[in-house]
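If you want the building blocks of each chain, they are given just below.
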Amino acid sequence: MVVADGPAGDVLVWVLAQFDRRVEDLDAGADDWGYANRPIRGSTTTSNHASATAVDANATRHPLGAVGTFTGAQVAEIHRILSQVDGVVRWGGDYTGRRDEMHFEIYAPYARVAAVAARLNGGTPAPPAPGSGGHATVKRGSTGADVALVQRYLGLKADGIFGADTEGAVKRYQSAQHLTADGIVGPATWARITAGLGGPGAGTGGGGSTPAPTGTTLKRGAQGPAVTALQRRLNAWYPAYSHLTADGVYGAGTESVVREFQRRAGLVADGIAGPRTLAALKL
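Quantities reported herein were computed from a predicted structural model and do not represent experimental measurements. (Residues numbered from 1 in each chain as written. Predicted model: local features only at pLDDT ≥ 70, side-chain atom pairs only at ≥ 80, totals over all residues. Heavy atoms only, no water.)

Draft legend 1. Quick look at the overall build of the protein. Each helix and strand in the protein was counted, giving nine helices and three strands. Evaluated residue by residue, the protein yields a buried proportion of 49% over its 283 residues. Pairs at least 24 residues apart make up 57% of the contacts formed inside the protein by residues separated by at least 6 positions. About 12700 Å² of surface is accessible on the protein, with carbon and sulfur atoms providing 54% of the total. (Helix = DSSP H or I, 4+ residues; strand = E, 2+ residues; numbered from the N terminus. Buried < 20%, exposed > 50% of the residue type's maximum accessible area, 1.4 Å probe, protein only. Contact = heavy atoms within 4.5 Å. Areas by Shrake-Rupley, 256 points an atom, 1.4 Å probe, with all protein chains shown as cover.)

Draft legend 2. The packing of aromatic side chains, seen in detail. This structure, assessed with the given rule, holds three aromatic pairs. Ring plane angle 90 degrees and centroid distance 6.0 Å describe the contact between Phe19 and Phe70, whose orientation is recorded as edge-to-face. One end of the pair, Phe19, is in helix H1 (residues 7–22); the other, Phe70, is in the loop between strand E1 (54–56) and helix H2 (72–84), and 51 residues separate them in sequence. When sorted by exposure, Phe19 lands in the same class as Phe70, which is buried. Taking 5.9 Å as the distance between ring centres and 70 degrees as the angle between the ring planes, the aromatic pair formed by Phe70 and Trp91 counts as edge-to-face. (Phe/Tyr/Trp six-rings, centres within 6.5 Å; stacked < 30°, edge-to-face > 60°.)

Draft legend 3. Region of interest: the environment of Arg119. By the element assignment, Arg119 lies in helix H3 (residues 110–121). A relative accessible area of 27% places Arg119 in the partly exposed class. For the pair Arg119 and Gly144, spaced 25 residues apart in sequence, the C-alpha to C-alpha distance is 8.4 Å. Apart from residues no more than four positions distant in its own chain, Arg119 is found in contact with Gln84, Val85, Asp86, Thr143 and Gly144.

Draft legend 4. How the structure looks around the nonpolar core. Core analysis: the biggest nonpolar cluster contains 34 residues, and Ile193, Leu218, Leu230 and Leu234 have the highest contact counts within it. When contributions to this core are tallied by element, the ones reaching two or more residues are helix H4 (145–153), helix H5 (164–176), helix H6 (187–194), helix H7 (225–237) and helix H8 (252–265). Setting aside residues no more than four positions away along its own chain, Ile193 makes contact with Leu149, Val150, Tyr153, Tyr173, Val185 and Ala236. (Core = buried A, V, L, I, M, F, W, Y, C linked by side-chain atoms within 4.5 Å.)

Draft legend 5. View of the packing of H1 against H2. Between H1 and H2, the least distance of the axes is 10 Å, while the angle of their chain directions is 150 degrees. For the element pair H1 / H2, the angle class is roughly antiparallel. For the pair H1 and H2, the sense of crossing is right-handed. In this structure, H1 contributes Trp14, Val15, Gln18, Phe19 and Arg22 to the contact, and H2 contributes Glu77, Ile78, Arg80, Ile81, Leu82 and Gln84. Considering only residue class, the contact of H1 with H2 consists of six nonpolar, two polar and three charged. (Axes fitted to C-alpha atoms, helices over the stretch in contact; angles between N-to-C directions. Parallel < 35°, antiparallel > 145°, perpendicular 65-115°, else oblique. Left-handed = near helix turned anticlockwise from the far one by under 90°. Nonpolar A, V, L, I, M, F, W, Y, C, P; charged D, E, K, R; others polar.)

Draft legend 6. Highlighting the sheet that holds strand E3 (residues 103–106). Spatially, E1-E3-E2 is the arrangement adopted by the three strands of the open sheet, whose pairing is antiparallel. In this open sheet, the two edge strands, each paired with only one partner strand, are E1 and strand E2 (89–91). Strand-to-strand, the axes of this sheet are offset by a mean angle of 20 degrees, without reference to chain direction. With three bridges connecting them, E1 and E3 associate as antiparallel partners. Bridge pairing links Asp56 to His103 in E3. (Pairing = 2+ DSSP bridges.)

Draft legend 7. The pattern of salt bridges, seen in detail. Considering all chains together, one arrives at nine salt bridges under this definition. Close ionic contact of Arg220 with Glu255 constitutes a salt bridge, the shortest N to O distance being 2.7 Å. Of this pair, Arg220 sits in the loop between H6 and H7 while Glu255 sits in helix H8, and the two are 35 residues apart along the sequence. Given a relative accessible area of 15%, Glu255 falls into the buried group. A salt bridge links Glu260 to Arg263, with the shortest nitrogen-to-oxygen separation between them at 2.9 Å. Here Arg263 and Glu260 lie together in helix H8, a separation of three residues that amounts to about one turn. Exposure remark for Arg263: the relative accessible area of 24% places this residue in the partly exposed category. It is possible to trace a salt-bridge network through shared partners that takes in Arg22, Glu77 and Arg80. (Salt bridge = Lys/Arg side-chain N within 4 Å of Asp/Glu carboxyl O.)

This is the structure we're talking about:
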């Protein structure tokens, strides 16, 4: 597979490596495609493949126009991978028109892509540790989407820079959750965050968020701990598009994010968090 020489190619290769490790094995056959000097199929517009800034993964498993070729869990993992490259890569499964679930393309200005590539080349993350939910270990000096996710979860300004304020907030959170308060967000801390436990104003008891009782349906107008748990889970797992205030009020913003999650996960996109949607979120 041929990709662009430079930052764009570096980012695409990293995304493919994570896809192979965390979503599905890349086939050994000839259905992983990169550079191709051609227009978009069915159009006269030049494809991103012509600039070697797009790749197709396991193309025969995920044909153009087909929907639902990945499971909900696989879709969620793809979105986590893309959040780790700060959204500079777009997935064809998120297209609003004709879907292209095999397809990943660079979708950001050069400077942003170069910044992500520099971060990745400074030390490509090792395979995520058990319990980390696919997130890298972050600590003082770290930058990027995972740092912003932690900051958002802890009620801080989400600038993606792990400084003294973030370190202090992490230590307070770890103490409240009865973890080692070292200010480093590793597997144990990630496990609590991605489970929606604790968070701003959660106190020191470590009881965390209350999951919805079996059979619960949450929709606009609902209030309470189950809504808070839903909002925190969406923020923690899908920072690329969920930036909700975890206030326990199911308003228009929560409804919109739930609808987006449903659309991406192949569920009925009605904005109502019923049993199937809550199950997909492990709530």
